[in-house]
Amino acid sequence: MNRAMSVFDIAGRAMSAQLVRLNTTASNLANAGSVSATRDGAFRALRPVFRTVEDSPGVATVAVDRVVQADVEPTRRHDPSHPLADANGDVWDAGVDTAAELIDMVETARQYQNNVQVLQTAKTLTLDTLRLGQ
Amino acid sequence: MAQGDGLFGIDGTALRLRSQRLNLLASNIANAATPGYRARDIDFDRALSLASRGYSAERAGNESIAYRVPTTPSIDGNTVELSTEQTLFAENAVQYRATLSFLEGRISTIRRAWKGE
């Protein structure tokens, strides 16, 4: 693609990146209460890694480079009555920091809204420019 | 042809610079959560004075790009402060619209001259 990046590309791609982040937050929260029989089998929170995609100098948008597992360790809980409990009577709770996830969700929503606002302003200005001289 | 001579004069150059700055500020807002991203902006006064000295609008804009100095640096190296960027974005949008109405004025003047009113 040789065409220069427009403000619509910048804000649009940023919105999809924020949406990926919202999706990972949703799956982290959905799995926050899940329990596993082993440490390795326990769910660990997912995090997207954002990367700048640079076009001409100063013009850059953002993309999700990859989604990684956060190093939040699952917690061991002694619960012999649990059907998944191992020989010692322990189960492993998913490694998800619920408070941090909720804060992340609010931040994602705010940044998504900012990009929508940018898109709206750019659209109005472009339409006004098209109407110039009529 | 030097800048500021043609039909649209300095306002045409200003509109191009405003649109370039709109892209830059949109990039900053898009990268608000990218670790290590450094916010950039166009020094509009400098760009316009370069353009009036004969630089093309695009070159004048590119030569006036500078990194923003953050008021509170963050630990991940990102220097985007959303409040600053949003204020400047809104300001730039209003100034873009102002430039549009100056251009509107030029066009209607020329129209009147054509019709001999």
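As the structure is a prediction and not an experimental result, all values here were calculated from the model.

(A) Structural detail: the pairing of strand E3 (residues 60-69) of chain A. Sheet analysis places strand E2 (residues 46-54) of chain A next to E3 of chain A, joined by nine bridges and oriented antiparallel. Looking across to E3 of chain A, one finds that Arg-47 of chain A is bridged to Val-68 of chain A.

(B) View of the interface of chain A and chain B. If you look at the interface, chain A gives 24 residues, while chain B gives 26 residues. Looking at the side of chain A that touches chain B, the elements that each hand over two or more residues are helix H1 (7-30), E2, E3 and helix H2 (98-130) of chain A. Looking at the side of chain A that touches chain B, the element that brings in the most residues is H2 of chain A, giving nine residues. Grouping the constituent residues of the side of chain A that touches chain B by class yields 13 nonpolar, nine polar and two charged.

(C) Spotlight on the packing of H1 of chain A against helix H1 (residues 9-30) of chain B. Relative orientation of the contacting elements H1 of chain A and H1 of chain B amounts to 5°, with a least axis distance of 9 Å. Judged by the inter-axis angle, H1 of chain A sits roughly parallel to H1 of chain B. Residue-level contacts link Val-7, Ile-10, Ala-11 and Ala-14 of chain A of H1 of chain A to Leu-22, Asn-23, Ala-26, Ser-27 and Ala-30 of chain B of H1 of chain B. By residue class, the composition of the contact of H1 of chain A with H1 of chain B is seven nonpolar, two polar and no charged.

(D) How the structure looks around H2 of chain A. With 33 residues, H2 of chain A should reach 48 Å at 1.5 Å per residue; the first-to-last C-alpha distance of 48 Å fits that figure. Buried within H2 of chain A we find Asp-104, Thr-108, Gln-111, Asn-114, Asn-115, Val-118, Thr-121 and Ala-122 of chain A. Looking at the buried side of H2 of chain A, the elements it contacts are H1 of chain A together with H1 and helix H4 (82-115) of chain B.

Criteria and thresholds
- Residue numbering note: each chain is counted from 1, following its sequence as written.
- Note on labels: chains are lettered from A, ligands numbered from 1, in written order.
- Only residues with pLDDT of 70 or above have their local features reported here, since the model is predicted, and side-chain atom pairs are shown and tallied only from 80 upward, although totals for entire chains, interfaces and linings are computed over all residues.
- Any two strands between which DSSP finds at least two bridges are classified as paired.
- Secondary structure elements follow DSSP: runs of H or I no shorter than four residues count as helices, runs of E no shorter than two count as strands, and numbering proceeds from the N terminus.
- This entry defines residue contacts through backbone-placed C-beta atoms, with two residues in contact when those atoms are within 7 Å.
- Here the nonpolar group is Ala, Val, Leu, Ile, Met, Phe, Trp, Tyr, Cys and Pro; Asp, Glu, Lys and Arg are the charged ones; every other residue, Gly included, is treated as polar.
- Axis lines are fitted to C-alpha atoms, over the contacting stretch for helices. Their N-to-C directions set the angle, which ranges from 0 to 180 degrees.
- An angle below 35 degrees is read as roughly parallel, one above 145 as roughly antiparallel, one from 65 to 115 as roughly perpendicular, and any other as oblique.
- One less than the residue count of a helix, multiplied by 1.5 Å, gives the span that helix is expected to have.
- Burial is judged by counting other C-beta atoms within 10 Å of a residue's own C-beta: 20 or more means buried, 12 or fewer means exposed, and anything between counts as partly exposed, with every C-beta placed from the backbone.

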